[in-house]
Amino acid sequence: MAQKQALALVAGAGPGLGQALMQRFAQGGYRVIGLSRSPHHANDDTNSVLLDLADAQSVSTKLADLIAHYGTPAIVIHNAAQLAISPFLETSEETFEQLWRNMVLSAFNLAQATLPAMVQTGKGAFVVSGATASLRGGANFAAFASAKFALRGLTQSLAREFQPKGLHIAHVILDGLIDTQASRERTRGDPARMMKAEDIAQTYWHLAHQPISTWTQELDLRPHSETF
């Protein structure tokens with residue numbers, strides 16, 4: 001009987017880093033399934049499914065079905081994000097809550113739906129994408145930074161609770177723009193000064209396969225030209 005492919009889940013499977021992560025882990029032999037809240041990024045042809053990670057019931061049901069069919073995930077990546085840039089006094093309560101739901105609550109729901117099965121196997125990696133705003137809040141970034149701060153805190157707490165149970169929990173700070181068509185149009189920045197999605201994905205690959213004696217809980221990535 002042929003052995004099942006190990007399962008990798010990528011939450012936030014849109015263009016750019018999400019797709020690069022899916023491609024890298026697929027190249028490494030994993031069965032990769034992307035989770036996306038946008039119908040434009042989720043379809044059967046790309047092994048992606050439509051799922052609102054902020055909806056706890058939907059996450060629990062859908063991931064229980066995926067785990068029953070494909071087995072316990074070996075790799076889970078939370079790459080879901082939403083950017084909002086606006087002066088604080090012009091930031092609505094709706095926007096503030098929406099960013100928290102789409103980045104923090106989504107990670108909470110994803111972890112609750114996957115970690116119990118991973119604990120049973122005693123192995124696996126849960127990797128979370130952070131940002132410069134995970135470390136410092138900037139003017140006009142109140143909603144985004146507060147959510148990224150919370151996401152970092154959640155990841156640290158998961159690491160301290162679940163690493164002794166054999167699960168590698170890691171947080172990656174992406175300090176710089178990722179080179180996508182959208183970022184080029186939005187900033188008119190120099191692509192040579194941007195982070196390449198495939199290079200970030202390669203780092204995630206190595207991070208998820210570190211030997212148990214040398215686990216990284218947090219690392220930061222930035223292009224050589226980025227000041228910090």
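## Topic: the packing of helix α1 (residues 17–27) against helix α6 (residues 197–208)
Stage number 1. It is at 8 Å that the axes of α1 and α6 come closest, and there the two elements cross at 50 degrees. Here α1 is positioned oblique relative to α6, judged by the angle of their axes. In the crossing of α1 with α6, the sense of the turn from one axis to the other is right-handed. Facing L17, A20, L21, R24 and F25 of α1, the residues of α6 in contact are A197, E198, I200, A201, Q202, Y204, W205 and A208.

## Some details on the side chain of S129
Stage number 1. Considering the arrangement of structural elements, one finds S129 in strand β5 (residues 125–131).
Stage number 2. Separated by 2.9 Å, the side chains of S129 and N79 make a polar contact.

## Remarks on the pairing of strand β6 (residues 168–174)
Stage number 1. Burial analysis of β6 places seven of its seven residues in the buried class, the great majority of the element.
Stage number 2. Alternating positions in β6 separate into two faces, H168, A170, V172 and L174 on one and I169, H171 and I173 on the other, with burial throughout.
Stage number 3. Across seven bridges, β5 lies against β6 in parallel orientation. Looking at the pairing, F126 lines up with I169 of β6.
Stage number 4. The handedness of the β5 to β6 crossover, carried by helix α4 (residues 142–162), is right-handed.
Stage number 5. Direction of pairing for β6 relative to strand β7 (residues 218–221): parallel, over a ladder of four bridges. By the bridge assignment for β7, L174 is matched with L221.

## What to know about unusual backbone geometry
Stage number 1. If you check the backbone angles, N140 has positive phi at about 75 degrees while not being a glycine.
Stage number 2. Residue position: N140 is located in the loop between β5 and α4.

## Details of the packing of aromatic side chains
Centre-to-centre distance and the angle between the planes together describe a pair of aromatic rings.
Stage number 1. Under the definition given, this model contains four aromatic pairs.
Stage number 2. When the ring of F25 is compared with that of Y30, the centres are 5.7 Å apart and the planes differ by 70 degrees; the resulting orientation is edge-to-face. By the burial criterion, F25 is buried, and Y30 matches it.
Stage number 3. Look at Y30 and W205: their rings are 5.8 Å apart centre to centre, the planes differ by 85 degrees, and that puts the pair in the edge-to-face class. Here Y30 is found in the loop between α1 and β2 (31–36), whereas its partner W205 is found in helix α6, with 175 residues between them in sequence. Grouping residues by exposure puts Y30 and W205 together as buried.
Stage number 4. Chaining the aromatic ring pairs together yields one cluster made of F25, Y30 and W205.
Stage number 5. Stacked on the ring of W205, the Lys or Arg R24 has its end atom at 4.1 Å from the ring centre.
Stage number 6. In this structure, R222 packs its charged tip against the face of F228, placed 3.8 Å from the ring centre.

Criteria and thresholds
- Residues numbered from 1 in each chain as written.
- Predicted model: local features only at pLDDT ≥ 70, side-chain atom pairs only at ≥ 80, totals over all residues.
- Heavy atoms only, no water.
- Axes fitted to C-alpha atoms, helices over the stretch in contact; angles between N-to-C directions.
- Helix = DSSP H or I, 4+ residues; strand = E, 2+ residues; numbered from the N terminus.
- Parallel < 35°, antiparallel > 145°, perpendicular 65-115°, else oblique.
- Left-handed = near helix turned anticlockwise from the far one by under 90°.
- Contact = heavy atoms within 4.5 Å.
- Polar contact = N/O pair within 3.5 Å; in protein donor to acceptor, adjacent residues only side chain to side chain.
- Buried < 20%, exposed > 50% of the residue type's maximum accessible area, 1.4 Å probe, protein only.
- Pairing = 2+ DSSP bridges.
- Right-handed = clockwise from strand over helix to strand, strands pointing away.
- Phe/Tyr/Trp six-rings, centres within 6.5 Å; stacked < 30°, edge-to-face > 60°.
- Lys NZ or Arg CZ within 6 Å of the ring centre and 35° of its normal.

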